[in-house]
Amino acid sequence: MKKIAIVYWSGTGNTRAMAEALAGGVKASGAEAVLSEAGQAKVDEVLAADAIALGCPAMGAEILEESEMEPFIVNLCAKGAGGKTLALFGSYDWGDGQWMRDWEERMKACGGALAAPGLTVHLEPDAAGIEACAEMGKKLAAG
Ligand SMILES: Cc1cc2nc3c(=O)[nH]c(=O)nc-3n(C[C@H](O)[C@H](O)[C@H](O)COP(=O)(O)O)c2cc1C
């Protein structure tokens, strides 16, 4: 059975809702979804999955959350995100998605292959946002 790791950080639950919807899409495709928060996730276990979805809202000034997500991404890139199929997602509010564009470039630069464009949702995901997350999960499971 294919295993998809989903690692996310969420302060107020919006990106968590995206992560859970993505996991639902993975499971609907008959694959295993392993969901973990960035502060608890183990890089080696995550890298053992067939594909990895990473979720983080826009924080700071268009950056990743600095205490848990940022160090996780640094480790992931150092230990070989390169060669893995990745998908990025997250919620934002007042910006124009710059954090996601920067994050996509960064993950490509460390060798990750993005399965789809980064998925961004304004604040709490609505039904269309939830559906888009589930579709991303299905795509990872199929890839
Ligand atoms: C400290 C902080 C910094 C933020 N910085 C940005 C930002 O730079 N750009 C943006 O579009 N939204 C920014 N936001 C808004 C969050 O991205 C938005 O509220 C998001 O829905 C939070 O997702 P979460 O519920 O998963 O934590 C910021 C929120 C906080 C609390």
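Summary of the structure given here. Just so we're clear, the structure is a prediction, and the values are computed from it rather than from any experiment.

Digging into the pattern of salt bridges
Should the charged atoms of two oppositely charged side chains come close, the side chains can pair.
Turning to step 1, where the next piece is worked out: As enumerated under the stated definition, the model contains 5 salt bridges in all.
Turning to step 2, where the next piece is worked out: In this structure, Asp44 engages Lys79 in a salt bridge whose closest nitrogen and oxygen atoms are separated by 3.5 Å. Within this pair, whereas Asp44 is found in helix H2 (residues 43–47), its partner Lys79 is found in helix H3 (residues 69–79), the two being separated by 35 residues in sequence.
Turning to step 3, where the next piece is worked out: When its relative accessible area of 52% is taken as the criterion, Asp44 is described as exposed.

Describing the nonpolar core
Within soluble globular proteins, side chains that are nonpolar tend to cluster in buried spots.
Turning to step 1, where the next piece is worked out: In terms of nonpolar packing, the biggest core is built from 24 residues, with Leu54, Phe72, Leu76, Trp103 and Met107 touching the most fellow members.
Turning to step 2, where the next piece is worked out: Filtering out sequence-adjacent residues up to four positions away, Leu54 remains in contact with Val7, Met69, Phe72, Ile73, Leu76, Ala87, Leu88, Phe89, Trp103 and Met107.

Examining the layout of surface pockets
Turning to step 1, where the next piece is worked out: Counted as a void, the largest pocket has a volume near 300 Å³.
Turning to step 2, where the next piece is worked out: Along its surface, the largest pocket is lined by 19 residues, and Pro57, Ala58, Met59, Ser91 and Tyr92 are the ones closest to its centre.
Turning to step 3, where the next piece is worked out: Listed by contribution, the elements that provide at least two residues to the lining of the largest pocket are helix H1 (14–28) and strand E4 (85–92).
Turning to step 4, where the next piece is worked out: Per-class residue counts for the lining of the largest pocket are 8 nonpolar, 9 polar and 2 charged.

As for the pairing of E4
Turning to step 1, where the next piece is worked out: Among the 8 residues in E4, 6 count as buried, and that is most of the element.
Turning to step 2, where the next piece is worked out: Examined bridge by bridge, strand E3 (residues 51–55) and E4 share 5 bridges and lie parallel to one another. Its bridge partner being in E4, Ile52 is matched across the sheet by Leu86.
Turning to step 3, where the next piece is worked out: A crossover connection joins E3 to the parallel E4 through H3; in handedness this β-α-β unit is right-handed.
Turning to step 4, where the next piece is worked out: Sheet topology places E4 next to strand E5 (residues 113–114); 2 bridges connect them, and they run parallel.

Section: helix H4 (residues 98–109)
Helical periodicity: at 3.6 residues per turn, an α-helix aligns residues three or four positions apart in one direction.
Turning to step 1, where the next piece is worked out: With 12 residues, H4 extends 17 Å between its outermost C-alpha atoms, agreeing within 8% with the 16 Å of an ideal straight helix rising 1.5 Å per residue.
Turning to step 2, where the next piece is worked out: Within H4 the residues assigned to the buried category are Trp99, Met100, Trp103, Glu104 and Met107. End-on, the buried residues of H4 take up no more than an arc of 135°, which puts them together on one face.
Turning to step 3, where the next piece is worked out: Buried residues along H4 sit against E3, H3, E4, E5 and strand E6 (119–122).
Turning to step 4, where the next piece is worked out: Gly111 sits one or two residues past H4 and shows a positive phi near 100°.

Describing the environment of Leu47
Turning to step 1, where the next piece is worked out: Position of Leu47 among the secondary structure elements: in helix H2.
Turning to step 2, where the next piece is worked out: Distance from Leu47 to Ala113, taken between C-alpha atoms, is 14 Å for residues 66 residues apart in sequence.
Turning to step 3, where the next piece is worked out: Leaving out residues up to four positions away in the same chain, Leu47 has contacts with Ile52, Leu76, Lys79, Gly80, Ala81 and Lys84.

Let's talk about the environment of Leu64
Turning to step 1, where the next piece is worked out: With respect to the helices and strands, the residue Leu64 is situated in the loop between E3 and H3.
Turning to step 2, where the next piece is worked out: Linking Leu64 and Val43, residues 21 residues apart in sequence, is a C-alpha distance of 17 Å.
Turning to step 3, where the next piece is worked out: The residues touching Leu64, leaving out its near neighbours within four places in the chain, are Cys56, Met59, Glu70, Ile73, Trp99, Trp103 and Arg106.

As for the packing of aromatic side chains
Turning to step 1, where the next piece is worked out: Under the definition given, this model contains 1 aromatic pair.
Turning to step 2, where the next piece is worked out: Measuring from ring centre to ring centre gives 6.0 Å for Tyr92 and Trp99, while their planes differ by 40°; the resulting arrangement is tilted.
Turning to step 3, where the next piece is worked out: On the accessibility criterion, Trp99 (2% relative accessible area) is buried.

Analysis parameters
- Residues numbered from 1 in each chain as written.
- Predicted model: local features only at pLDDT ≥ 70, side-chain atom pairs only at ≥ 80, totals over all residues.
- Heavy atoms only, no water.
- Salt bridge = Lys/Arg side-chain N within 4 Å of Asp/Glu carboxyl O.
- Helix = DSSP H or I, 4+ residues; strand = E, 2+ residues; numbered from the N terminus.
- Buried < 20%, exposed > 50% of the residue type's maximum accessible area, 1.4 Å probe, protein only.
- Core = buried A, V, L, I, M, F, W, Y, C linked by side-chain atoms within 4.5 Å.
- Contact = heavy atoms within 4.5 Å.
- 1 Å grid on protein atoms, 1.4 Å probe; cavity = no way out; pocket = protein on both sides within 12 Å on 5 of 7 lines; lining within 4 Å.
- Points joined across faces, edges and corners; volume = space filled by probe spheres on them.
- Nonpolar A, V, L, I, M, F, W, Y, C, P; charged D, E, K, R; others polar.
- Pairing = 2+ DSSP bridges.
- Right-handed = clockwise from strand over helix to strand, strands pointing away.
- Expected span 1.5 Å × (residues − 1).
- Arc of directions from axis to C-beta.
- Phe/Tyr/Trp six-rings, centres within 6.5 Å; stacked < 30°, edge-to-face > 60°.

Purely spatial values, then, with no claim about function.
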